[in-house]
Amino acid sequence: MSSGGGSGTRLGLPRSVVVLGAVSFLNDAASEMITPLLPLFLTMTLGAGPVVVGLIEGVAEATASLLKLVSGRLADRGIPPKRLLLGGYGISNAARPLIGLAFGWTWVLALRFFDRVGKGIRTSPRDAVIAAASGDDRRGHAFGFHRAMDNAGAVVGPLLAFALLGLQVPLGHVFLASVVPGLLVIGLLVFGLRGHETTLAPAAATPPPSLHWRDLDSRLKGLLLAAGGLALAAVPEVFLVLWAQSRGLHVVWVPLIWAAASLVKSLLSWPAGALSDRVGRVPVVLTGWTLRVILLVLLAHAGEQTGVIWALFLGYAGALALTEGAERALIGDHAPARLKGTAFGLYHLLTGALALPGAVLFGAVWQGFGEMAAFHLAAVLTGIAALGMLSVLRRG
């Protein structure tokens, strides 16, 4: 196990991985106080339509993806990852609560842009630190733990929002309250994460190799392109909120169902990541992708029974969780030691950039042809992209 990760813990993970997991827990608690309510805030309070919802989410993810490549390269070139983490989390937790003061969807777009700028600055260095700190035989375990903590925070955030809404707190004030866990994020980074624990690779006299797509390993390039295809086909989870509402779910229950979905992810992502260390990445990701296609078809034809709404919402979350750790571990498996930050930057660049047209396309098909057509299209595109990645994984 890399020395960059610091001493081990009772969880069998480097201390840096555990601290970054705690940071993600708190940050997602702050973020997910807002995210499940955002499409309702846009449509019910600000009068926006599905296309605007897709545009805002797509622009947000595309913005983050562009900066994830830049931040990954900066980390590989010697910029201390802890500085990038502090900057990224700081920007997000300053901008995000201000959405509660927005009086038009363009203001929401601007604040989501800055929120995702912060995400772009922090994500690739963080993933590179996790990949470098964990050994090859524990990488799925490490990423699975991190995703579990991230999703556990996404359980707490909606529950806090649900409690505040139950106390008749206005929607905008719920957004403003997210500043509290956000401040805890910064405190933990400053006082809990040691700079030497985020070292990505032994010091080198020369900078990392120049970034040329043609020079990357062919299998790594195939994985990156296939992951981008899956991102294009992915259904933004904010649309699942609109789907549930269209089936009769009351707004006050939205944070609760979102929290339950995050709990499912938290419970599955860690063991699924660890399982990929033992049985291989392919069986784990193939199972998750197949379930995703099946559930998208079921979502298109679901009725309005409360039990069905909850089952499909939680089932889709579980399908996503099965592949989260294994997909990132795959990138770590094939990324050169001196280019881990860059490899994760490319991964997030492609997945985030293609999320923009994917989100806008899904919203446009929903608005023009109905939600059934949108979910059917997503199922077909997911199947095609999954087959593409499977063909890459089976090569060599």
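What counts, and at which threshold
Residues numbered from 1 in each chain as written. Predicted model: local features only at pLDDT ≥ 70, side-chain atom pairs only at ≥ 80, totals over all residues. Heavy atoms only, no water. Helix = DSSP H or I, 4+ residues; strand = E, 2+ residues; numbered from the N terminus. Buried < 20%, exposed > 50% of the residue type's maximum accessible area, 1.4 Å probe, protein only. Contact = heavy atoms within 4.5 Å. Areas by Shrake-Rupley, 256 points an atom, 1.4 Å probe, with all protein chains shown as cover. Phe/Tyr/Trp six-rings, centres within 6.5 Å; stacked < 30°, edge-to-face > 60°. Core = buried A, V, L, I, M, F, W, Y, C linked by side-chain atoms within 4.5 Å. Domains from an automatic or database assignment. Salt bridge = Lys/Arg side-chain N within 4 Å of Asp/Glu carboxyl O. Axes fitted to C-alpha atoms, helices over the stretch in contact; angles between N-to-C directions. Parallel < 35°, antiparallel > 145°, perpendicular 65-115°, else oblique. Left-handed = near helix turned anticlockwise from the far one by under 90°. Nonpolar A, V, L, I, M, F, W, Y, C, P; charged D, E, K, R; others polar. pLDDT = per-residue confidence, 0-100.

## Let's talk about the overall build of the protein chain
Part 1: In terms of helices and strands, the protein chain carries 15 helices and zero strands.
Part 2: Counting every position in the protein chain, which comprises 396 residues, the buried fraction comes to 56%.
Part 3: Expressed as a percentage of contacts within the protein chain between residues at least 6 apart in sequence, the contacts between residues at least 24 apart total 85%.
Part 4: Of the roughly 15100 Å² that the protein chain leaves accessible, carbon and sulfur atoms contribute 69%.

## Some points on the packing of aromatic side chains
Part 1: Tallying each qualifying case throughout the model produces 10 aromatic pairs.
Part 2: Between F162 and W253, the ring centres sit 5.8 Å apart and the planes meet at 35°, which makes this aromatic pair tilted. With a gap of 91 residues between them, F162 in helix α6 (residues 139–166) and W253 in the loop between α10 (237–246) and α11 (254–279) connect regions that are remote in the sequence.
Part 3: The class of W253 is partly exposed, set by a relative accessible area of 40%.
Part 4: An aromatic cluster of three or more residues is present, and its members are F239, F362, W366 and F375.

## Notes on the nonpolar core
Nonpolar side chains tend toward joint burial in soluble globular proteins.
Part 1: Counting 50 residues, the largest nonpolar core has W243, F313 and F375 as its most contacted members.
Part 2: Residue-level mapping places this core at the junction of two domains, with at least three residues from each of domain 1 (13–199) and domain 2 (214–395).
Part 3: Sequence-distant contacts of F313, that is, excluding residues within four places in its chain, are made with L240, V241, W243, A244, I257, W258 and A261.
Part 4: Listed in part, the 43 residues of the second largest apolar core include Y89, A142, A343 and F344.

## Quick notes on the pattern of salt bridges
Part 1: Inspection of every chain in the model, using the stated rule, returns six salt bridges.
Part 2: Note that D115 is salt-bridged to R96, the shortest N-O span being 3.5 Å. Residue D115 is located in helix α5 (residues 105–133), and its partner R96 is located in the loop between α4 (81–95) and α5; the two are separated by 19 residues in the primary sequence.
Part 3: The exposure class of R96 is buried, given its relative accessible area of 2%.

## So, the packing of α10 against helix α14 (residues 340–369)
Geometry of a packed helix pair, given as the angle between the helix axes and the separation of the axes.
Part 1: Two numbers describe how α10 lies on α14: the axes approach to 11 Å, and their chain directions differ by 20°. As the angle between them shows, α10 and α14 are arranged roughly parallel. In this structure, the crossing between α10 and α14 has a hand that is left-handed. Residue-level contacts link F239, L242 and W243 of α10 to A359, F362, G363 and W366 of α14.
Part 2: Class assignment of the residues belonging to the contact of α10 with α14 gives a composition of six nonpolar, one polar and no charged.

## A closer look at the side chain of R147
Part 1: Topologically, R147 is positioned in helix α6.
Part 2: In this structure, R147 is in contact with S269, E324, G325 and R328, ignoring residues within four places of it in sequence.

## Description of unusual backbone geometry
Part 1: A positive phi angle, near 70°, is found at Q168, a position not held by glycine.
Part 2: As for its position among the elements, Q168 is in the loop between α6 and α7 (171–177).

## A look at the side chain of E371
Part 1: Note on placement: E371 falls in helix α15 (residues 371–393).
Part 2: Overall, E371 belongs to the buried group, its relative accessible area being 16%.
Part 3: Every residue in contact with E371, bar those within four places of it in the chain, is listed here: W243, S246, R247 and W366.

## Here's the deal with the confidence of the model for the protein chain
Part 1: When pLDDT is averaged along the protein chain, the result is 82, and 90% of the positions lie at 70 or above.
Part 2: Taken as a whole, residues 1–5 scores under 50 in pLDDT and shows 18 contacts with residues more than four places along the chain or in a different chain.

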